[in-house]
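# Architecture at a glance
This is what each chain is made of:
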Amino acid sequence: MTRIVTVGAAQMGPIARDESREQVVERLRRLHAEAVDVGCDVVVFPELALTTFFPRWYTPDLDGHDSYFETSMPNDVVQPLFDDAARTGCGFCLGYAELTSDGHRFNTYVLVDGTGAIVGRYRKVHIPGHADHQPERPFQHLERRYFEESPDGFGVVNAFGGSVGMAICNDRRWPETYRVLGLLGAEMVFIGYNTPLYYAPDPDQNPLQSFHNNLVMAAGAYQNGMFVVGVAKGGIEEGVESLSHSQIIAPSGQVIAQATVSGDLVISARCDLDLCRHYTDTLFDFSTYRRPEVYG
Ligand code: CDV
């Protein structure tokens, strides 16, 4: 039995500060419908796909951005997207800011299957940026102020006929993300991102953003024998330009679908999950070739 999963990457253009959740969910529903039209089993949305990337602004109070957070998922505004999944059989992976009932703030992904049920939840592990106001920057990257680091780490979910892992934006730069997921048996990893082209701590990296984006995701895919789906919210959002270049990468490390323009669009690929074994049973047969005893 072949295990083909048709996966979509629903890249988004900017979300304006004053765009309502209802308007954004309509955009997500259009992208989901586009994914259904091209036969997707699952479609992946970017990091923080319901709102503008609010950590670019400082608020004196920690709860100053709480209006951008969701206190339940699904909620009334997002429910139509869940209904679309149940009606069409096409699941999705959705990034949003989560405020828990006991007051914790996380940068979160949920995985929703083709019945409209949440089957997985992931909270961002690697939180980049800074926690203090740095007015000398042209814009802030206050993720470390507004989000806690996940205490849970990475996990995999059996869904869509395979083993699925999730990671969020900065996680994709860390080899541990893919290796931990690889050791757990992940065959597909979904990664949404908001990556400003301007990197204040070292602007020499600015022209390398697209190169680094592909470098880390392709290396992660190849070295762990997995498909990687990288999905951007790109373009100029509230004056800050972010990387687009969403891409789907095979276990060979080859890009098999890529966005060539910015804005709302769906790219897709038919992924044969058994291709993972070509790598995890050979060069990257962890049980035979890894040497954890000398990695200390
Ligand atoms: N949203 C992110 O995690 N962005 C980071 C930036 C700040 C470097 C990224 O790794 O793309």
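Use the structure listed above.
Residues numbered from 1 in each chain as written. Predicted model: local features only at pLDDT ≥ 70, side-chain atom pairs only at ≥ 80, totals over all residues. Heavy atoms only, no water.

In terms of helices and strands, the chain carries seven helices and 14 strands. Taken against the 2.2 N^0.38 rule, which gives 19 Å for 296 residues, the C-alpha radius of gyration of the chain at 18 Å falls within 12% of a compact globule. For the chain, with 296 residues in total, the buried portion stands at 55%. Long-range pairs, those at least 24 residues apart, make up 69% of the contacts in the chain with a sequence separation of at least 6. Of the roughly 12500 Å² of accessible surface on the chain, a fraction of 50% belongs to carbon and sulfur atoms. The chain carries 23 positive and 38 negative side-chain charges, and their two centres are separated by 2 Å. (Helix = DSSP H or I, 4+ residues; strand = E, 2+ residues; numbered from the N terminus. Rg over C-alpha atoms; globule rule 2.2 N^0.38 Å. Buried < 20%, exposed > 50% of the residue type's maximum accessible area, 1.4 Å probe, protein only. Contact = heavy atoms within 4.5 Å. Areas by Shrake-Rupley, 256 points an atom, 1.4 Å probe, with all protein chains shown as cover. Lys, Arg positive; Asp, Glu negative; His and termini not counted. Charge placed at Lys NZ, Arg CZ, Asp CG, Glu CD.)

Here the focus is the site of the ligand. The environment of the ligand is formed by Glu47, Phe53, Lys124, Pro128, His141, Glu143, Cys169, Asn170, Arg172, Arg173, Asn194 and Thr195. One of the side-chain nitrogen or oxygen atoms of Thr195 is found 2.7 Å away from an oxygen atom of the ligand. Classifying every residue of the shell around the ligand gives three nonpolar, four polar and five charged. (Near = heavy atom within 4 Å. Polar contact = N/O pair within 3.5 Å; in protein donor to acceptor, adjacent residues only side chain to side chain. Nonpolar A, V, L, I, M, F, W, Y, C, P; charged D, E, K, R; others polar.)

Pairing is possible between side chains that carry opposite charge, provided their charged atoms lie close to one another. Under the defined criterion, the tally for this structure stands at 19 salt bridges. In this structure, Asp274 engages Arg3 in a salt bridge whose closest nitrogen and oxygen atoms are separated by 3.1 Å. With Asp274 in the loop between β14 (265-272) and α6 (275-280) and Arg3 in the segment before β1 (4-11), this residue pair connects regions lying 271 residues apart in the sequence. Since its relative accessible area comes to 29%, Asp274 is described here as partly exposed. A salt bridge links Asp84 to Arg87; the shortest N-O distance between them is 2.9 Å. (Salt bridge = Lys/Arg side-chain N within 4 Å of Asp/Glu carboxyl O.)

It is worth spelling out helix α1 (residues 21-37) at this point. Under the 1.5 Å per step criterion, the end-to-end length of α1 is 24 Å for 17 residues, consistent within 8% with the ideal 24 Å. Those residues of α1 that sit buried are Arg21, Val24, Val25, Arg27, Leu28, Leu31, His32 and Ala35. Angular distribution of buried residues about the axis of α1 spans 155°; they occupy a single face of the element. Along α1, the residues that are exposed and aim more than 90 degrees away from the buried face are Arg30 and Asp37. In this structure, the buried side of α1 is in contact with β1, β2 (42-44), α2 (79-88), β3 (91-99) and β14. Looking one or two residues beyond α1, the residue adopting positive phi is Gly39, at roughly 85°. (Expected span 1.5 Å × (residues − 1). Arc of directions from axis to C-beta.)

Attention shifts here to a nonpolar patch on the surface. Judged by side-chain polarity, Val156, Val180 and Leu184 come together as a nonpolar surface patch covering roughly 200 Å² of accessible area. The topology assignment puts Val180 in helix α4 (residues 175-183). (Patch = residues over 30% accessible without salt bridge, like charges linked within 9 Å, V, L, I, M, F, W, Y side chains within 5 Å.)

Here we come to the sheet that holds strand β6 (residues 156-159). The mixed open sheet is built from six strands, whose spatial order is β6-β7-β8-β9-β12-β13. The open sheet has two edge strands, β6 and β13 (255-258), and neither has a second partner. Mean inter-strand twist for the sheet, computed between neighbouring axes without regard to direction, equals 20°. As judged from the three bridges shared by strand β9 (residues 227-232) and strand β12 (residues 247-249), these two strands associate in the antiparallel manner. Among the inter-strand pairings, Gly230 is bridged to a residue of β12, identified as Gln247. (Pairing = 2+ DSSP bridges. Axes fitted to C-alpha atoms, helices over the stretch in contact; angles between N-to-C directions.)

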